[in-house]
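Here is how the chains run, residue by residue.
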Amino acid sequence: MKEEKENNAQHFLDLIQKSRKGKFKVYIGMSAGVGKTFRMLQEAHSLLKNGIDVKIGYIETHMRKETHELLSGLPVIPRRTIFYKGKQLEELDVQAIINLRPEVVIVDELAHTNIEGSKNEKRWQDVLEILEAGINVISAVNIQHIESLNEDVKRITGIDVQERIPDNVLRLADEVVNIDLTSEDLIARLKEGKIYTADKIQTALTNFFKSEQILQLRELALKEVASQVVRKVENEVPQLHALKHEKLLACISSNDKTAKIVIRKAARLASYYNGSWYVLYVETPKESSTKIALDKQRHLINNFKLAVQLGAEVIKLEHKNIADAIVIAVEEKQITTVCIGKPHLNLFKVILSTTIFRRLLNRLSLSNVDLVILS
């Protein structure tokens, strides 16, 4: 009874805190040039006409004529000036925004990395600070900057995107709007000089702006927004009608490459099912802190950080048997789905032949837990 009262009080407190936070809207697109900044500025004009105190916190027009012209008539909060390595640079002035307290602030380039010496390392952290202050934010990001899609984007474009935002930042958004264009329209805009200057057009056409790449990135963007809509519906459906809450357990080893794939793909699954998720690392005697190689230890720490960034809770268990440790974590956290990396074929044969793995499969099936092998 006491626990129920505490839960009800916590729920009410959460509602109060949520109501105090600013609302968060994100425009998402498959690439540069689809019109995210243009649309944000159009919305700013519309809000201003309706008597809303809206201000520009940071906008990057890339000197695109039609976008730059839309800045006219909009109140702009001056940027913060920083001297870095002998150069005068500008950043979003978070404190000025909080002091001025506009109803809505426009903050472009959500994945941007702030200049060294800034209070926050990333712009998305600036945005969270502004939201905490009760100010509504409209922002924008390209699909290739979402952390869990990093491997997919690299496979499609051959580019390892360095500036990324954690998936849970996008999950905090009250509204996600996809700015969609066909590949033909996007390429036409590029050729007309509406995205890059004339000297950069040919390079863009032969690199990033290939029709087949754009189609695949477009599909990623559409899927992302669709999954956001599903989450919103599930969160707003009365609890009685809600589906079973999914809990995923991603099992990783000290293999850095496989671990990253498992973490990112498990994050996508958790995001899709609107579920909570955990990352499990089992420290066996041969990988104890005194025996494990330093580079492996460093990779593990980085992967734990990545998992936390993507919204997971990290579990580290010391056990001589990995399968038994997985069962312990499954039971303790009431897991619904276990995710493991695709093992090498010879290793997989060895695992399948062991009574321990068979016991794991039996235990999982008896408790109605799914096992997913991520390739």
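Placed above this text is the structure.
For the structure given in this document, a descriptive report is provided here.

Definitions and cut-offs
- Residues numbered from 1 in each chain as written.
- Predicted model: local features only at pLDDT ≥ 70, side-chain atom pairs only at ≥ 80, totals over all residues.
- Heavy atoms only, no water.
- Pairing = 2+ DSSP bridges.
- Helix = DSSP H or I, 4+ residues; strand = E, 2+ residues; numbered from the N terminus.
- Axes fitted to C-alpha atoms, helices over the stretch in contact; angles between N-to-C directions.
- Contact = heavy atoms within 4.5 Å.
- Buried < 20%, exposed > 50% of the residue type's maximum accessible area, 1.4 Å probe, protein only.
- Salt bridge = Lys/Arg side-chain N within 4 Å of Asp/Glu carboxyl O.

Focus: the sheet that holds strand 11 (residues 337-341)
Thinking step 1. The sheet built from five strands is open, its strands ordered 10-9-8-11-12 with parallel pairing. Edge positions in the sheet fall to strand 10 (313-318) and strand 12 (370-374), since each has one partner strand and no second. The average undirected angle you get between the axes of adjacent strands in this sheet is 25°.
Thinking step 2. The pairing of strand 9 (residues 276-283) with strand 10 spans six bridges and is classified as parallel. Bridge pairing in strand 10 places L280 opposite I315.
Thinking step 3. Along the sheet face, helix 12 (residues 294-309) touches strand 8 (247-252), strand 9 and strand 10 and points at about 165° away from the line of strand 9.
Thinking step 4. Helix 13 (residues 322-333) contacts strand 8, strand 9, strand 10 and strand 11 of the sheet and is inclined by roughly 150° relative to strand 9.

What about unusual backbone geometry?
Thinking step 1. Even without being glycine, R101 reaches a positive phi, approximately 50°.
Thinking step 2. Here R101 shows up in the loop between helix 4 (94-100) and strand 5 (104-107).
Thinking step 3. For R101, a relative accessible area of 46% gives the class partly exposed.
Thinking step 4. The phi angle at Q334 is positive, at roughly 55°, despite the residue not being glycine.
Thinking step 5. Position of Q334 among the secondary structure elements: in the loop between helix 13 and strand 11.

A closer look at the pattern of salt bridges
Thinking step 1. A complete count under the given rule lists 22 salt bridges for this structure.
Thinking step 2. One salt bridge connects E151 with R264, and the closest N-O pair in it is separated by 3.1 Å. Taken together, the positions of E151 in helix 6 (residues 150-157) and R264 in helix 11 (residues 256-272) put the pair 113 residues apart, joining distant regions of the chain.
Thinking step 3. On the accessibility criterion, R264 (3% relative accessible area) is buried.
Thinking step 4. We note a salt bridge from E283 to K316, for which the minimum N-O separation is 3.4 Å. With a gap of 33 residues between them, E283 in strand 9 and K316 in strand 10 connect regions that are remote in the sequence.
Thinking step 5. We classify E283 as buried; its relative accessible area is 10%.
Thinking step 6. Through salt bridges with shared partners, a single ionic network connects E147, E151, R164 and R264.

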